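One letter stands for each residue in the lines below.
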Amino acid sequence: MVGLNEEVNKIRNGVLRMANTFDPSVRDFLAGRIWLRLHTPFPIETIDAHIQSQHIKTIPGIKTTKTYANQTRHICNRCENTIQSRFTTFDCAKCEGPCTYCRHCLKMGRVSTCTELIVWNAEQPIYPTNHTLAWQGILTPRQQQASNELTESNTKRIPHLIHAVCGSGKTEILFEPIHKLLLAGKRVCIAAPRVDVILELEPRLRAAFPETAIEALYGGAETTTDSAQLILATTHQLYRFRHAFDAIFVDEADAFPYTAEETLRRAVRKAAKPEAPVHFVTATPSDKLLNEIKKTGQISTINRRYHGHPLPIPRYDSLWNYTKHIQKGKLPKKLNNWTEERLRRKEPFLIFFHHIGLMEQAELLFKQLDTRIHAVHASHPDRKEHVQALRNKEVPGLLTTTILERGITIPNVQVAVVGAEQLIFNKGALIQIGGRVGRSEQHPSGDFVLFHHGITYAMDDAKKEIIQLNKGGVPN
Ligand SMILES: [Zn+2]
Ligand SMILES: [Zn+2]
């Protein structure tokens with residue numbers, strides 16, 4: 001039995017030793033994060049020792065209070081969700097009682113009443129101040145001005161909106177301001193609602209900042225123990241950060257459904273340090289965002305594309321009762337002719353639909369013109385392959401839902417919207433869709449046709465805004 005006692009003592013001493021020291025890699029990982037106690041990349045004993053030595057603080061996953069009317073009210077301490085319908089209460093075997101979990105951030109591991117969250121509770125890591133900006137391009141005068149204004153906002157710690165038309169080179173504008181922040185040892189985040197945007201940005205930023213520790217976080221990406229100074233993340237991932245960043249740039253903020261915008265804002269706010277500015281970069285800011293930044297910060301507008309050519313103005317073409325025609329197995333004549341012309345001229349094309357079912361019915365009809373035409377939507381298994389095939393000129397064109405409204409560049413692409421009067425095609429969506437046309441220097445224009453069953457305000461507003469931007473004006 002002596003041997004067993006010795007073992008116990010050895011373990012106890014080991015734990016005590018750990019309690020007195022701390023592991024910098026735990027600090028580097030946990031600084032600015034709010035994490036599940038039981039799901040870190042470190043051994044549980046290591047985390048426990050840091051809790052014992054008070055380097056790490058624990059927080060209950062869900063905070064439950066009683067209202068005056070004696071109703072229970074839950075708050076998720078990770079994502080700060082307070083929408084009561086997004087909580088579920090169940091009989092928990094672990095805590096042997098009613099236990100509540102948050103459905104809002106469920107994807108990142110369940111947070112319940114008996115789940116413990118951990119945050120770093122000691123000295124913060126110091127980030128390097130030597131960084132190289134390797135990007136060799138030259139900004140247009142207007143881009144340069146926006147870039148300078150953004151740096152100015154960082155100095156003043158006020159929010160900034162870069163309102164830049166599609167194809168004006170938004171990312172390059174951020175390089176200098178980000179570089180300046182990194183040189184000052186600041187921690188920076190670029191967040192976007194959609195994973196496609198993050199995947200597109202990652203190689204560009206790695207190339208621009210070759211000496212900087214960069215990490216891209218999105219659903220499915222592996223958790224590492226690294227502590228990057230520059231983090232690219234889907235906005236969902238920001239639920240797991242808390243007071244982490246000295247500046248956050250939210251790219252394509254409006255790609256998020258409007259109703260969810262509040263939660264997104266809260267997640268971004270929580271991830272930023274209390275005094276840190278949150279900036280936005282988009283071609284189609286919502287009125288709400290515009291008004292907010294007008295009051296509290298600064299706006300830079302770029303209404304010219306980097307190649308200097310104007311944005312394509314949409315043209316309207318009626319396509320009466322297109323739904324009925326397609327359902328009867330007949331491609332409306334104008335749509336048929338438009339597509340045949342693209343095929344004849346060997347111009348790549350995108351045709352946008354509002355409804356997957358209708359698009360798939362139409363797909364069969366388009367295949368009679370060319371069997372290589374495919375339809376894609378968000379959950380289509382071959383979505384990435386089909387888009388790549390269009391880039392490679394292996395297919396002449398694609399039918400698509402609004403998933404391809406942004407983030408895609410196909411030289412000389414021609415664009416049609418079928419059913420432009422549908423609600424989903426709001427002003428922002430139409431401007432983004434038109435933004436696909438004429439992006440390259442060799443093909444700075446192209447057809448942007450809105451086939452419709454009636455003209456909406458959204459169509460007129462989109463057209464008006466594009467004309468205004470082309471005139472050099474600032475939309476109001
Ligand atoms: Zn939550
Ligand atoms: Zn429980």
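Observations concerning the coordination of the zinc ion (ligand 2)
Geometry sets the ideal angles at a metal, namely 109.5 degrees for four tetrahedral donors and 90 or 180 degrees for six octahedral donors. Taken together, C92 (SG), C95 (SG), C99 (SG) and C114 (SG) make up the full set of protein donors to the zinc ion (ligand 2), lying 2.2 to 2.4 Å away. Considering all four donor atoms around the zinc ion (ligand 2), the spread of angles at the metal, 102 to 116°, places the coordination shape in the tetrahedral class. The motif formed by the donor residues of the zinc ion (ligand 2), counted along the single chain, is C-x2-C-x3-C-x14-C. Here C92, found in strand β5 (residues 87–92), pairs with C114, found in the loop between β6 (97–102) and β7 (116–120); they are 22 residues apart in sequence, far enough to count as distant.

What to know about the coordination of the zinc ion (ligand 1)
The coordination sphere of the zinc ion (ligand 1) contains the protein donors C76 (SG), C79 (SG), C102 (SG) and C105 (SG), at a distance range of 2.3 to 2.4 Å. Here the zinc ion (ligand 1) binds four donor atoms, and the angle range of 104 to 112° at the metal identifies the geometry as tetrahedral. In the primary structure, the donors to the zinc ion (ligand 1) are separated according to the pattern C-x2-C-x22-C-x2-C. Judged by relative accessible area, C102 falls into the buried class, the value being 0%. The class for C105 is buried, based on a relative accessible area of 0%.

Regarding the pattern of salt bridges
The full count for this structure, using the stated rule, is 20 salt bridges. Two residues, E172 and R204, come together in a salt bridge whose shortest N-O distance is 2.9 Å. With E172 in helix α5 (residues 170–183) and R204 in helix α6 (residues 195–208), this residue pair connects regions lying 32 residues apart in the sequence. When its relative accessible area of 18% is taken as the criterion, E172 is described as buried. Beyond isolated ion pairs, a larger network of salt bridges with shared partners links R315, D317, K334 and D447.

A short note on the sheet that holds β7
Strands sit in the order β1-β7-β2 across an open sheet of three strands; the sheet is antiparallel. If you trace the sheet from one side to the other, it starts and ends with β1 (35–36) and β2 (56–60), each paired once. On the sheet, helix α3 (residues 44–52) packs against β2 and β7 and is oriented at approximately 95° with respect to β2.

Details of the domain arrangement of the chain
When cut into domains, the chain gives domain 1 (2–120), domain 2 (141–302) and domain 3 (315–470). Here the C-alpha centroids of domain 1 and domain 3 sit 49 Å apart.

Some thoughts on unusual backbone geometry
You will see that N70, though not glycine, has its phi angle at about 65°, which is positive. Relative to the helices and strands, N70 resides in the loop between β3 (62–66) and β4 (72–76). Given the relative accessible area of 55%, N70 is considered exposed. Although it is not a glycine, K346 sits at a positive phi angle of roughly 55°. Within the secondary structure, K346 is located in the loop between α10 (333–344) and β16 (349–352). With relative accessibility at 73%, the residue K346 sits in the exposed group.

Considerations on the sheet that holds strand β20 (residues 448–452)
Strands pair in a sheet through their backbones, by hydrogen bonds, and they do so in one of two ways: parallel or antiparallel. Ordered in space as β15-β20-β19-β16-β18-β17, the six strands form an open sheet in which the pairing is parallel. Either end of the sheet is taken by a strand with one partner, and the two such strands are β15 (315–318) and β17 (374–376). This sheet shows a mean twist of 25° between the axes of neighbouring strands, independent of strand direction. One ladder, built from three bridges, connects β17 with strand β18 (residues 397–400); its direction is parallel. Each residue of the ladder has a partner; that of H374, found in β18, is L398.

Here is what the cut-offs are and how they apply
- Residues numbered from 1 in each chain as written.
- Chains lettered and ligands numbered in written order.
- Predicted model: local features only at pLDDT ≥ 70, side-chain atom pairs only at ≥ 80, totals over all residues.
- Heavy atoms only, no water.
- Donors = N, O, S within 2.8 Å, 3.2 Å for Na, K, Ca; no water.
- Tetrahedral: all angles 85-135°; square planar, octahedral: opposite > 155°, others 65-115°.
- Helix = DSSP H or I, 4+ residues; strand = E, 2+ residues; numbered from the N terminus.
- Buried < 20%, exposed > 50% of the residue type's maximum accessible area, 1.4 Å probe, protein only.
- Salt bridge = Lys/Arg side-chain N within 4 Å of Asp/Glu carboxyl O.
- Pairing = 2+ DSSP bridges.
- Contact = heavy atoms within 4.5 Å.
- Axes fitted to C-alpha atoms, helices over the stretch in contact; angles between N-to-C directions.
- Domains from an automatic or database assignment.

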